[in-house]
Amino acid sequence: MSLLEIKNAHLKLDDKNILNGVSLSVNKGEVHAIMGPNGSGKSTLSYMLAGRDGYELEEGEILLDGISLSEMEADERARLGLFLAFQYPVELPGVGGMSFLREAVNSRRKFLGEEELDHLAFVKEARKEASKMYVKDEMLKRAVNVGFSGGEKKRFEILQMAMLKPTVSILDETDSGLDVDALKIVSDGVNAQRNNDNAIVVITHYQRLLDYIIPDFVHILSDGVIIKSGGPELALEVEKNGYSGLINAASVSYTHLTLPTKRIV
Ligand code: ADP
Ligand code: MG
């Protein structure tokens, strides 16, 4: 059984079809990359998985370790082990970084029937993980993301991932706005979390990230459907020829097959 199973996901926003039948199976131990041009539905897919209000499926199903997520609120999904690193991390004025991490981690531990970590043990663990992400103590005392630079926000997202140890992580454009040094820190942080019991879905516009986080599978999303899947070489093809070549080739084959989920405009 797949760890994450997306079956024929359809979703509308403001009466506009955004996801038009996305299907994807992600097994334990795998890293999948979802690439696609701007506006192809990548962030919508990540919000839908995380359970954001207003992003309910019109048709289709999502399963985490065989459990249907469709009726679950975002916080339940998070406790169950789903994690989303936002493309645009949200500022939380008044919520200190350390308290935020402790709340999140203890809430998940409680759900798993584990004891809450005591304060000192938690702080020690958080500082250790924070230093790996070059997140300073001073940053942990500040309100989450308030006044953080773009790179700091992304590093704090991966720190959350390291602390929560999710079963499925979805990283939405975690590379955007990062310089090469920050990209290396973030990628090392993500790679350190790879193991045989979890899975990671990286969403990215560019191939560059995939030089650092080497995926097992690459999928191309266009107009709310996966038009092609392959290995890391598919990302190189995108880098070389852009998305347009792949999308044109796909619409030709879709025209011949006349798949019902794809609208030909
Ligand atoms: P990506 O992350 O691949 O760039 P998005 O998922 O952000 O794409 O957006 C996919 C499409 O959905 C775009 O055409 C965008 O304009 C549209 N969209 C996003 N949010 C809304 C919304 N709240 N209402 C209507 N359309 C939306
Ligand atoms: Mg996006």
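Structure first, text after, so check above.
This report concerns the structure included in the present document. (Residues numbered from 1 in each chain as written. Chains lettered and ligands numbered in written order. Predicted model: local features only at pLDDT ≥ 70, side-chain atom pairs only at ≥ 80, totals over all residues. Heavy atoms only, no water.)

**Focus: the pattern of salt bridges**
At step 1: Tallied over the entire structure, the rule returns 15 salt bridges.
At step 2: With its nearest N and O atoms 3.7 Å apart, the salt bridge here joins K12 to E58. In this pair, K12 sits in strand β1 (residues 4–13) while E58 sits in the loop between α1 (42–50) and β4 (59–64), placing the two residues 46 residues apart along the sequence.
At step 3: In this structure, D75 engages R79 in a salt bridge whose closest nitrogen and oxygen atoms are separated by 3.6 Å. One end of the pair is D75 and the other is R79, both in helix α2 (residues 74–80) and 4 residues apart, which spans about a single turn. (Salt bridge = Lys/Arg side-chain N within 4 Å of Asp/Glu carboxyl O. Helix = DSSP H or I, 4+ residues; strand = E, 2+ residues; numbered from the N terminus.)

**Topic: the environment of Y206**
At step 1: Along the chain, Y206 turns up in the loop between β10 (199–204) and β11 (217–222).
At step 2: Its relative accessible area of 52% is what places Y206 among the exposed residues.
At step 3: Residues Y206 and H32, spaced 174 residues apart in sequence, show a C-alpha to C-alpha distance of 14 Å.
At step 4: Apart from the residues within four sequence positions on either side, Y206 is in contact with M35 and D175. (Buried < 20%, exposed > 50% of the residue type's maximum accessible area, 1.4 Å probe, protein only. Contact = heavy atoms within 4.5 Å.)

**Remarks on the sheet that holds strand β12 (residues 225–230)**
At step 1: Strand order in the open sheet made by the 6 strands is β6-β9-β10-β3-β11-β12, with mixed pairing throughout. Only two strands of the sheet have a single partner each, and these edge strands are β6 (82–85) and β12. Between one strand axis and the next, the sheet turns by 20° as a mean value, whatever way the strands run.
At step 2: Of the strand pairs in this sheet, β6 and strand β9 (residues 168–172) are connected by 4 bridges, and their pairing is parallel. By the bridge assignment, L82 is partnered in β9 with V168. (Pairing = 2+ DSSP bridges. Axes fitted to C-alpha atoms, helices over the stretch in contact; angles between N-to-C directions.)

**Looking at the site of ligand 1**
At step 1: Lining the immediate environment of ligand 1, one finds L13, D14, K16, I18, P37, N38, G39, S40, G41, K42, S43 and T44.
At step 2: Taking K16, its side chain carries an N or O atom lying 3.1 Å from an oxygen atom of ligand 1.
At step 3: For ligand 1, whose unbound accessible area comes to 570 Å², protein coverage reaches 65%.
At step 4: For the shell around ligand 1, the secondary-structure elements that each account for two or more residues are β2 (16–26) and α1.
At step 5: With 3 residues, the top contributor of residues to the shell around ligand 1 is α1.
At step 6: Residue composition of the shell around ligand 1, grouped by class: 3 nonpolar, 6 polar and 3 charged. (Near = heavy atom within 4 Å. Polar contact = N/O pair within 3.5 Å; in protein donor to acceptor, adjacent residues only side chain to side chain. Areas by Shrake-Rupley, 256 points an atom, 1.4 Å probe, with all protein chains shown as cover. Nonpolar A, V, L, I, M, F, W, Y, C, P; charged D, E, K, R; others polar.)

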